[in-house]
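Fold and contact review
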Amino acid sequence: MNNKRIRNVVIVGGGTAGWMTAAAMSKLLDRDIKVRLIESDEISTVGVGEATIPMIKLFNQALDLDENDFLKFTKGTFKLGIEFVNWGNIGESYMHGFGEIGRHLGVLDFYHYWLRAHMTSPAGSVPDLQQFSLNNVAAKMDRFMRAANPATIPPELGPNSPLTRIANAFHFDAGLYARYLRHYAEARGVERIEGKIVDTVLREPDGFIDAVVMENGTRIDGEFFIDCSGFRGLLIEQALHAGFDDWSHWLPCDRAIALPTESVAPPRPYTQSIAHGAGWQWRIPLQHRVGNGHVFSSRFMSEDEAAAILLKNVEGKPIAEPRTLRFTTGKRKKGWVKNCVAIGLASGFMEPLESTSIHMVQSAIARLFSLFPDRDFVQADIDEYNLLTDYEAERIRDFLILHYKATRRDDTPFWNYCRTMEVPEALARKIALFESNGRIFRDTDDLFAVVSLLQVMQGQGIKPQRYHPMTHTLSEADNREFMRVQKAMVDQAAAAMPTHAEYIARQCKAG
Ligand SMILES: Cc1cc2nc3c(=O)[nH]c(=O)nc-3n(C[C@H](O)[C@H](O)[C@H](O)COP(=O)(O)OP(=O)(O)OC[C@H]3O[C@@H](n4cnc5c(N)ncnc54)[C@H](O)[C@@H]3O)c2cc1C
């Protein structure tokens, strides 16, 4: 029996990160561990994290949440991917869809065969790579359904239909998601403490956190502190001075103006990311409104200009005043210091381009559980946590940088800077490999799959010089037939799907 078990956890902050952590702890930790969450109504949450990636389904499953109930409560919609407009060049667009593109054959992924067909056929005779992704085709037709059970697939589509492998994420109101998880966590024993923390008490002589002090003088003692206080990093930075790795030379956007608008059409089953002169704009369709924002670099554009561009490019009437958020892209040098782990924006932020922040909250929680300490706080565990956290963050960082680097835009100083900047060596290697041979390798445990890298590299105009020689296991004619069959399967599947709006009405319409 370990008599050094932690019994008293204090979570500081009640944004998405705080309540996700509290909910997971309430479900997965022993009931005899006291979990308290402190939040201040005076200090608002960021509240604009509205788009997610498919891994969030695993988090919701771990909590046994009813997915339709969660979507009704958070006024959520379904997400099949992200459409990138004006990124490769002005007037171009492509989708980064979740899930597969075509079916692999033998030892090679589908895209090698596609590349060969594309490179050896007359221009325009082979459909775009995008056309072989059910997610992408369905998204552009405003259709959606969850992955089907093979037993329910109509016989004419066959048990191998891509309908059985649809991957999806969600768009939702992040404030409502935090509230939903709050109900969940409180019902399972998490105690919420309202008020503002004004001081942190460190223990002598090792500098571990003993307690936080509230504005009314109350002292909240804890053995283990989770810092979910947002950008300010109340514990991890202000008290423990973890330090910050600034990545703004690679990810130069440092401001976002958020502006919700009325919906003017049924919700699209995908996020839109529209590049402008010094950044990009998001459109995230929810059931009751559309979330919009303009992420930009203040080095290259004034706030007034960014606001004007956003207002000009929203589709519906604004329903709130524009709100500006400031950030520096990067991460804490150490996410876990002594008896404090930072989760969420307190641990760093890399801008919302691929909707990764909420996922990083989820993966930090999973890492924390797998390395959950006792009161000895073994340094080897802490080091491992920090190593794994950095590994994840650096790979996501490189994927985001790819979007800025792989552009042909030369219309503004911002895009000239991005196009010509030096990128991390690992990313430069990936780009060079794809350019030479169309080959892509995913680093172990990389969040984004080969098809993600493929869609962005291909979508933004990086053209491989050769195709894979092993595709010659198929004759030219057989390769063309392979393309035809794959495309037909995607088209039949998309035609069998309901519209996104119909699916929501049937499954999870908010009241
Ligand atoms: C512009 C923008 C767009 C984004 N879009 C997405 C997206 O599409 N998808 C995605 O996954 N993520 C997105 N994110 C990130 C996402 O919003 C955050 O990861 C998520 O909301 C978690 O925030 P948080 O809980 O860490 O911090 P916050 O929301 O800032 O919460 C901090 C909490 O700490 C409390 N607090 C702070 N100081 C004190 C104190 N002294 N005393 C008591 N309480 C205190 C506050 O009251 C609050 O409850 C976006 C972020 C930004 C900035």
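The structure we're discussing is the one just above.
Residues numbered from 1 in each chain as written. Predicted model: local features only at pLDDT ≥ 70, side-chain atom pairs only at ≥ 80, totals over all residues. Heavy atoms only, no water.

**Considerations on the nonpolar core**
Where we set the bar: Here, nonpolar core means buried Ala, Val, Leu, Ile, Met, Phe, Trp, Tyr and Cys residues that are tied together by side-chain atoms lying within 4.5 Å of each other. Categorising residues by exposure relies on relative accessible area from a 1.4 Å probe, with only protein chains included: less than 20% of the type maximum marks a residue as buried, more than 50% marks it as exposed, and the intermediate range marks it as partly exposed. Here a helix means four or more residues in a row that DSSP labels H or I, a strand means two or more in a row labelled E, and each is numbered from the N terminus. Contact definition: two residues touch when any of their heavy atoms are within 4.5 Å.
Within the largest apolar cluster, 77 residues are counted, with the highest numbers of intra-cluster contacts made by Trp87, Leu402 and Tyr404. The biggest single contributor to this core is helix α9 (residues 379-405), with 7 residues. Leaving out residues up to four positions away in the same chain, Leu402 has contacts with Leu427, Ile431, Leu453, Val456, Met457 and Gln460. Grouped together as the second largest cluster of nonpolar side chains are 67 residues, Leu29, Tyr180, Phe208 and Ile504 included.

**Looking at the packing of aromatic side chains**
Spelled out, the test is: Side-chain rings of Phe, Tyr and Trp (the six-membered ring for Trp) are treated as a pair once their centres are within 6.5 Å; stacked means planes under 30 degrees apart, edge-to-face means over 60, and tilted covers the remaining angles. Here, a charge over a ring means that NZ of Lys or CZ of Arg falls within 6 Å of the ring centre while also lying within 35 degrees of the ring normal.
Applying the stated criterion across every chain yields a total of 31 aromatic pairs. For the pair Phe231 and Phe349, a centre-to-centre distance of 5.7 Å together with 70° between the ring planes defines the contact as edge-to-face. Of this pair, Phe231 sits in the loop between β11 (224-227) and β12 (244-246) while Phe349 sits in strand β21 (residues 348-349), and the two are 118 residues apart along the sequence. According to the relative accessible area criterion, Phe349 is buried, its value standing at 12%. Taking the centre distance of 6.1 Å and the plane angle of 80° together, the rings of Tyr404 and Phe414 count as edge-to-face. Of this pair, Tyr404 sits in helix α9 while Phe414 sits in helix α10 (residues 413-420), placing them 10 residues apart in sequence. Neither Tyr404 nor Phe414 differs from the other in exposure class; each is buried. Aromatic rings pair up to connect Phe70, Phe73, Phe78, Phe144, Phe170, Phe172, Tyr177, Tyr180 and Tyr503 into one cluster. The aromatic ring of Tyr385 is capped on one face by Arg367, whose charged end is 5.3 Å from the ring centroid.

**Observations concerning helix α7 (residues 303-313)**
This is how it is decided: Directions drawn from the helix axis to the C-beta atoms are what define this arc.
Considered for burial, the residues of α7 that qualify are Ala306, Ile309 and Leu310. With its buried residues spanning 100° around the axis, α7 presents them on a single face. Turned more than 90 degrees away from the buried face of α7 sit Asp304 and Lys312, all of them exposed. Tucked into the core, α7 has its buried residues touching β13 (255-258), β14 (271-276), β15 (279-285) and β16 (290-296).

**With respect to unusual backbone geometry**
Residues Glu204 and Pro205 are joined by a peptide bond in cis, for which omega reads 0°. With respect to the helices and strands, the residue Pro205 is situated in the loop between β8 (197-202) and β9 (209-214). Not every positive phi belongs to a glycine, and Glu351 is a case in point at roughly 65°. Take Glu351: it is sitting in the loop between β21 and α8 (357-370).

**Describing the pattern of salt bridges**
Heads up, the rule is: Throughout this description, the term salt bridge denotes a Lys or Arg side-chain nitrogen within 4 Å of a carboxyl oxygen of Asp or Glu.
With the rule as written, the count across this model stands at 38 salt bridges. Where Glu39 meets Arg192, a salt bridge forms, and the shortest distance between an N and an O atom there is 2.6 Å. Linking Glu39 in strand β2 (residues 34-39) with Arg192 in strand β7 (residues 191-194), this pair joins segments that are 153 residues apart in sequence. The buried category is assigned to Glu39, whose relative accessible area is 11%. Across the salt bridge formed by Glu67 and Arg146, the nearest N and O atoms sit 2.9 Å from each other.

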